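# Secondary and tertiary structure notes
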Amino acid sequence: MESIKEKRDGQTLTVTLKGEIDHHNAVKMRSGIDKLLEEGRPSTLILDLSSIEFMDSSGLGLIMGRYKKMNELGGELIVYNPSDSILKIFRLAGMGRFIKIQTK
């Protein structure tokens, strides 16, 4: 089961994603995250990927879209604790050049 869980700490919104990010559920995750962004307008969005088991190109699109949205809000996006395989996808896509990626 794919899900998102939110935690707010001041102007920081942490969204923990769980399950898989693929074509079928990326749309639901995206709309859930966007709703949280519109409601809270945080200065920092942390996407916690530590519970993501699989991610395809839809996941890259999800993250790039949230990066763009946070730029529009004048904030920053941090991708937190992706697995080694997801980190490899990020590196191949060159995402580390503009998205802050933190590992444990």
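First, a word on scope: everything that follows refers to the structure included in this document. Everything quoted here is computed from the prediction, not taken from an experiment.

### A look at the overall build of the chain
- Counting its regular elements, the chain contains 3 helices and 5 strands.
- Element order for the chain, N to C, with α for helix and β for strand: β-β-α-β-α-β-α-β.
- The C-alpha radius of gyration computed for the chain amounts to 12 Å, which stays within 12% of the reference 13 Å derived for 104 residues, consistent with globular compactness.
- Each principal axis of the C-alpha distribution contributes one length, and for the chain these read about 30 × 30 × 25 Å.
- Split into buried and exposed, the 104 residues of the chain put 40% on the buried side.
- Intrachain contacts of the chain at a sequence separation of at least 6 include 65% that bridge at least 24 residues.
- Of the accessible surface of the chain, which amounts to about 6,000 Å², a share of 48% is contributed by carbon and sulfur atoms.

### Quick notes on the nonpolar core
- Counting 25 residues, the largest nonpolar core has L17, I21, L45, L49, I63 and F90 as the members making the most contacts within it.
- Only strand 2 (12-21), helix 1 (23-40), strand 3 (44-55), helix 2 (57-72), strand 4 (76-80) and helix 3 (84-93) provide two or more residues apiece to this core.
- Residue contacts for I63: discarding those within four places in its chain leaves L47, L49, M55, L77, V79, F90, M95 and I99.

### Let's talk about the pairing of strand 4
- Pairing of strand 3 with strand 4, which is carried by 5 bridges, proceeds in the parallel orientation. Counterpart to T44 in the pairing with strand 4 is E76.
- For the segment spanning strand 3, helix 2 and strand 4, crossover handedness is right-handed.
- Between the parallel pair strand 4 and strand 5 (residues 100-102), the chain is carried across by helix 3, and the sense of this crossover is right-handed.

### Points about the pattern of salt bridges
- Taken as a whole, this structure holds 3 salt bridges when the rule is applied.
- The shortest N-O distance in the salt bridge between K69 and E38 comes to 3.6 Å. Of this pair, K69 sits in helix 2 while E38 is found in helix 1, placing the two residues 31 residues apart along the sequence.
- Overall, the relative accessible area of 52% leaves E38 in the exposed class.

About the thresholds
Per chain, residue numbering runs from 1 following the sequence as it is written. Local features in this predicted model are restricted to residues of pLDDT 70 or higher, and side-chain atom pairs are both shown and tallied only at a pLDDT of 80 or more, whereas totals for entire chains, interfaces and linings draw on every residue. As a rule here, side-chain values come from all non-hydrogen atoms in the structure, and water together with hydrogens is ignored. Helix and strand assignments follow DSSP, with helices taken as H or I runs no shorter than four residues and strands as E runs no shorter than two, numbered in order from the N terminus. Atoms counted for the radius of gyration: C-alpha only. Globule rule: 2.2 Å times the number of residues to the power 0.38. The buried label goes to any residue with under 20% of its type's maximum accessible area, the exposed label to any with over 50%, and the partly exposed label to all in between, with areas taken from a 1.4 Å probe on protein chains only. Every residue pair with non-hydrogen atoms within 4.5 Å of one another is taken to be in contact. Method for areas: the Shrake-Rupley scheme with a 1.4 Å probe, in which residue coverage is limited to the protein chains shown. For the purposes of this section, nonpolar cores are sets of buried Ala, Val, Leu, Ile, Met, Phe, Trp, Tyr and Cys residues that join through side-chain atoms within 4.5 Å. Strands are labelled as partners when DSSP assigns at least two bridges between them. With strands facing away from the observer, any crossover in which the path from the first strand over the helix to the second runs clockwise is taken as right-handed. A pair is scored as a salt bridge if a Lys or Arg side-chain nitrogen falls within 4 Å of a carboxyl oxygen belonging to Asp or Glu.

By themselves these figures say nothing about function.
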